[in-house]
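Below, each chain spelled out in residue letters.
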Amino acid sequence: MIPAKVKQNAVHRLIVEGKDDLYSIIELTTKHGWDWNNPQPHYPYIDDAKGDTLALEALPVTLRSCRRVGIVLDADIAVGDRWQSLCDRLTGSGFPLPDQPYPAGTVAAAADGRRLGVWLMPDNQNPVKLEDFLALLVPPDDPCWGWSEESTAHAHQLGAGFAQTDFIKARIHTWLAWQEEPALPFGTAIRAATFAHDADAARRFVAWMERLFV
C-alpha cells in the first residue's frame, strides 16, 4: 500500500501498467533504502494506469501538471516501435528525447527544469515485459530455474493453454510455485528475497529511479 503522503504528491508521478509493476517497484526500491512508510518529499506517487494504452494516454496530461514524471512500460513490440509511439505522443512537449532509449533508462530535462524518465521493460533494449525483468533477478545459482524452462515447455507440448508469447509468465509462475513459500506475488517475492534485489538489472533500474526523482 502506498502511504497517503506519497499519494498526495502532485509534483512527482510514476506511471506503470499494472499492480504487479507497482508493488515490484515499491519492494525493489525498499530493498535499496527507500522507506515508503516514511516517504521523502521526492518520492513519486505511483499511478497504476491499468494497461499500456492508458499509461501512454495519461503521460502528456501528467507532464503538464507534474515536475518529474516517469513511465514504465513493457516493450512487448520492437523496442524501436514502442519508443516511436511514445515519442509521437510527446511531440511539442519540450523534452529532448534521443532517437533510441538509453540502455540505463532515459531521463530527459525540459528547459523549465521538468524531468521525464522512461524505462522499457526489461532493459530498454529487448521487446519483452516485466516477467523478463524479474527473470534477470533470479539468483544465478538457483538449481530449479533451468528446470522451470524445461517443465514449462513440456507442459505447453502437452496442451497447457498459455500462448507462446506468455511463455516467460508461465515459467516465472512455475518457478515461484516451487519456492519455500509457494506462488508469492511478485512484490512479495522481492520482499522475501526470492528474487535477488542486488542483481545488475535491479541496480540499473533503481539507479534510473534515483536519477529521475532524487
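See the structure printed just above.
Residues numbered from 1 in each chain as written. Predicted model: local features only at pLDDT ≥ 70, side-chain atom pairs only at ≥ 80, totals over all residues. Heavy atoms only, no water.

1. Quick word on the pattern of salt bridges
- Considering all chains together, one arrives at seven salt bridges under this definition.
- Note that Arg-191 is salt-bridged to Glu-27, the shortest N-O span being 3.0 Å. Of this pair, Arg-191 sits in helix 8 (residues 186-191) while Glu-27 sits in helix 2 (residues 19-31), and the two are 164 residues apart along the sequence.
- Here Arg-114 makes a salt bridge to Asp-112, at a shortest N to O gap of 2.8 Å.
- Judged by its relative accessible area of 16%, Arg-114 is buried.
- The class of Asp-112 is partly exposed, set by a relative accessible area of 43%. (Salt bridge = Lys/Arg side-chain N within 4 Å of Asp/Glu carboxyl O. Helix = DSSP H or I, 4+ residues; strand = E, 2+ residues; numbered from the N terminus. Buried < 20%, exposed > 50% of the residue type's maximum accessible area, 1.4 Å probe, protein only.)

2. So, the environment of Phe-186
- Following the sequence through the fold, Phe-186 ends up in helix 8.
- What makes Phe-186 buried here is its relative accessible area of 2%.
- Phe-186 sits 80 residues away from Thr-106 along the chain, and the two C-alpha atoms are 24 Å apart.
- Ignoring sequence-local partners within four residues, the contact set of Phe-186 consists of Asp-20, Ser-24, Leu-130, Glu-131, Leu-134, Ile-172, His-173, Leu-176 and Phe-195. (Contact = heavy atoms within 4.5 Å.)

3. As for the packing of helix 3 (residues 52-65) against helix 4 (residues 79-89)
- One way to put it is that helix 3 packs onto helix 4 with a least axis distance of 9 Å and a crossing angle of 35°. For the crossing formed where helix 3 meets helix 4, the hand is right-handed. Packed against helix 3, whose contacting residues are Asp-52, Leu-56, Glu-57, Leu-59 and Pro-60, the element helix 4 presents Arg-82, Ser-85, Leu-86 and Arg-89 at the interface.
- Its residues assigned to classes, the contact of helix 3 with helix 4 comprises four nonpolar, one polar and four charged. (Axes fitted to C-alpha atoms, helices over the stretch in contact; angles between N-to-C directions. Left-handed = near helix turned anticlockwise from the far one by under 90°. Nonpolar A, V, L, I, M, F, W, Y, C, P; charged D, E, K, R; others polar.)

4. A word on the packing of helix 2 against helix 9 (residues 200-213)
- The N-to-C vectors of helix 2 and helix 9 enclose an angle of 95°; their axes lie 10 Å apart at closest approach. Judged by the angle between their axes, helix 2 and helix 9 are roughly perpendicular. Contacts between helix 2 and helix 9 involve Ile-25, Leu-28 and Thr-29 from the first element and Ala-202, Phe-205, Val-206 and Met-209 from the second.
- Within the contact of helix 2 with helix 9, the residues separate by chemical class into six nonpolar, one polar and no charged. (Parallel < 35°, antiparallel > 145°, perpendicular 65-115°, else oblique.)

5. Concerning the environment of Leu-130
- The residue Leu-130 is located in helix 5 (residues 130-135) in this model.
- The spacing of Leu-130 and Glu-17 is 113 residues in sequence and 9.8 Å in space, taken between C-alpha atoms.
- Aside from chain neighbours lying at most four places away, what touches Leu-130 is Asp-20, Asp-21, Ser-24, Asp-74, Met-121 and Phe-186.

6. So, the pairing of strand 2 (residues 45-48)
- Only one face of strand 2 is buried: it carries Ile-46 and Asp-48, and the other face, with Tyr-45 and Asp-47, is open.
- Sheet topology note: the strand 1 (residues 12-16)/strand 2 ladder contains four bridges and is parallel. Counted as the bridge partner of Val-16 is Asp-48 from strand 2.
- Between the parallel pair strand 1 and strand 2, the chain is carried across by helix 2, and the sense of this crossover is right-handed. (Pairing = 2+ DSSP bridges. Right-handed = clockwise from strand over helix to strand, strands pointing away.)

7. Considering the side chain of Arg-82
- Note that Arg-82 resides in helix 4.
- For Arg-82, a relative accessible area of 5% puts it in the buried group.

8. Brief notes about the nonpolar core
- Residues Phe-195 and Phe-205 are the most contacted members of the largest nonpolar core, which totals 39 residues.
- For this core, the secondary structure elements donating two or more residues are strand 1, helix 2, strand 5 (115-121), helix 5, helix 7 (167-177), helix 8 and helix 9.
- Here this core gets eight residues from one element, more than from any other, and that element is helix 9.
- In contact with Phe-195, not counting residues within four places along its chain, are Leu-134, Leu-137, Val-138, Ile-172, Trp-175, Leu-176, Phe-186, Ala-189 and Ile-190. (Core = buried A, V, L, I, M, F, W, Y, C linked by side-chain atoms within 4.5 Å.)

9. Points about unusual backbone geometry
- Met-121 connects to Pro-122 through a cis peptide bond whose omega is 5°.
- Looking at the element boundaries, Pro-122 is found in the loop between strand 5 and helix 5.
- A positive phi angle, close to 65°, is found at Ala-193, a residue other than glycine.

Read these as geometric descriptors, not functional statements.
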